[in-house]
Amino acid sequence: MQEGKKIIFSGMQPTGEPHLGNYLGALKNWASLQDSNEYFGIYSIVDMHSITVRQDPAELRKKARNLFMSYMAIGIDPEKSLLFFQSHVPGHAELSWILNCFTYMGELSRMTQYKEKSLKHADNINAGLFTYPVLMAADILLYGSHLVPIGDDQRQHMELCRDIAHRFNTIYGDVFVIPEGYYPKTGARIMGLQEPAKKMSKSDATNESNVVFLSDTPDIILSKFKRAVTDSGSEIKAAADKPGIANLLAIYCAISKKSLEEAEAEFASAGYGDFKKRVGEAVVEELRPIQQKLDELSKNRDYVDSLIKANAEKAVAASQRILRKVKKKVGYPS
Ligand code: TRP
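The structure presented is a predicted model; accordingly, all values stated were derived computationally and were not measured.

Q: What is the right way to look at a positive patch on the surface in this model?
A: Together, Arg 321, Lys 325, Lys 328 and Lys 329 line one region of the surface with positive charge. As for its placement among the helices and strands, Arg 321 is situated in helix α13 (residues 301-330). For Arg 321, a relative accessible area of 56% gives the class exposed.

Written out as structure tokens, the structure reads:
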């Protein structure tokens, strides 16, 4: 790990297929931070979090590997950043246990995500689901992370992480870095193509065309954009009463790096149909090299395996410094 650089840490569960919302809202920015002299990026595929809900084992393994390759395909370079499976680094579970002993039942029972998930999975309200935010705090604190780019829905977990770190430091001295959450600006929030009032997500949508997956073929992408909901009127403007058009403009801007004004001017004389087609084409072109890279990686099993192994080893080594300190502080025998 580069000395002197601040650490950016983020995690993503391997349960859903990566989509355009994940890519434009998060992954693309992570890749572009790689060459910064200020930050070193650590990205974990948090498979341990995923088993708080029942998973099909073969499917989970496949998705985790696919996510690893997707991160690489979008430009995260496992030679420059650290990219690994959470389950390959025992320090996450070890620190998580210790932090459990510094987290109160009351705090965890106030977590809205826990409450929502308990309703959704009423037949399996397991202890892992309850302590999920503690494992997340361990992920972050284990590497001395400074900045955590994360969705708005994770704000409460992030605050709890800071509270736990602060509590521990108050008792034992400055062991943990107190991390900051970094929340995307609204412009980077990509909404569903069918339900533009809600974040693009597979789980909530009733309609397949709501989400564009990174693995969708050009034909599928174009047809999803063709079917994207628009709003009344015919003007292409990002107005409050035009959530569908505003979202398509946001997608176009994120890809073309144009400002909203520039994009609106560009489409001033276009009709909705033409506009949707052109946004769809821009997405197809953006994803083309990513899909090619993904295809190459899928054919190169040994190469990917060697990167997975090398990165896991680096992450294990990186996790030791703080973990050792914590174990000593709480009184584990040396
Ligand atoms: N809970 C996060 C989510 O669902 C995933 C996650 C786990 C995470 N550990 C993390 C995100 C650490 C950032 C940092 O989005």
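There is more to say after this.
Q: Would you explain the environment of Tyr 43 in this entry?
A: You can see Tyr 43 is positioned in strand β2 (residues 39-45). The buried category is assigned to Tyr 43, whose relative accessible area is 1%. Placed 35 residues apart in sequence, Tyr 43 and Pro 78 show a C-alpha to C-alpha distance of 9.6 Å. Non-local contacts of Tyr 43, meaning those with residues more than four positions away in its chain, are made with Ile 8, Ser 10, Trp 30, Tyr 71, Ile 76, Ser 81, Leu 82, Leu 83 and Phe 84.

Q: Can you help me understand the environment of Leu 99 in this one?
A: Mapped onto the fold, Leu 99 is located in helix α4 (residues 91-100). For the pair formed by Leu 99 and Ala 137, sequence separation is 38 residues and the distance between their alpha carbons is 8.1 Å. With near-sequence residues (within four places) excluded, Leu 99 lies in contact with Val 134, Ala 137, Ala 138, Leu 141, Ile 164 and Phe 176.

Q: Just to check I follow, could you spell out unusual backbone geometry for this structure?
A: Of note in this structure, Lys 257 is not a glycine but carries a positive phi near 65°. Counting through the fold element by element, Lys 257 comes out in the loop between α10 (243-256) and α11 (260-266). You can call Lys 257 exposed: its relative accessible area is 67%.

Conventions adopted
Residue positions within a chain follow its written sequence, with the count starting from 1. Since the coordinates come from a predicted model, pLDDT governs what is reported: local features require at least 70, and pairs of side-chain atoms require 80 or more to be given and counted, while whole-chain, interface and lining totals use all residues. Hydrogens and water molecules were not included; the side-chain quantities draw on all heavy atoms of the structure. Patch building starts from residues that exceed 30% relative accessible area and form no salt bridge, then joins like charges within 9 Å and nonpolar side chains (Val, Leu, Ile, Met, Phe, Trp, Tyr) within 5 Å. Each accessible area is a Shrake-Rupley result for a 1.4 Å probe, and residues are judged covered by the shown protein chains and nothing else. The rule for a salt bridge is simple: a side-chain nitrogen of Lys or Arg has to be within 4 Å of a carboxyl oxygen of Asp or Glu. Counted charges follow a simple rule, with Lys and Arg positive, Asp and Glu negative, and His plus the chain ends left uncounted. By convention, the charge on Lys lies at NZ, on Arg at CZ, on Asp at CG and on Glu at CD. Labels follow the DSSP assignment, with helices taken as runs of H or I lasting at least four residues and strands as runs of E lasting at least two, numbered in each case from the N terminus. Only protein chains enter the accessibility calculation, which uses a 1.4 Å probe. A residue is then buried if its area is under 20% of the maximum for its type, exposed if over 50%, and partly exposed in between. Residues count as neighbours in contact if any of their non-hydrogen atoms are within 4.5 Å of one another.

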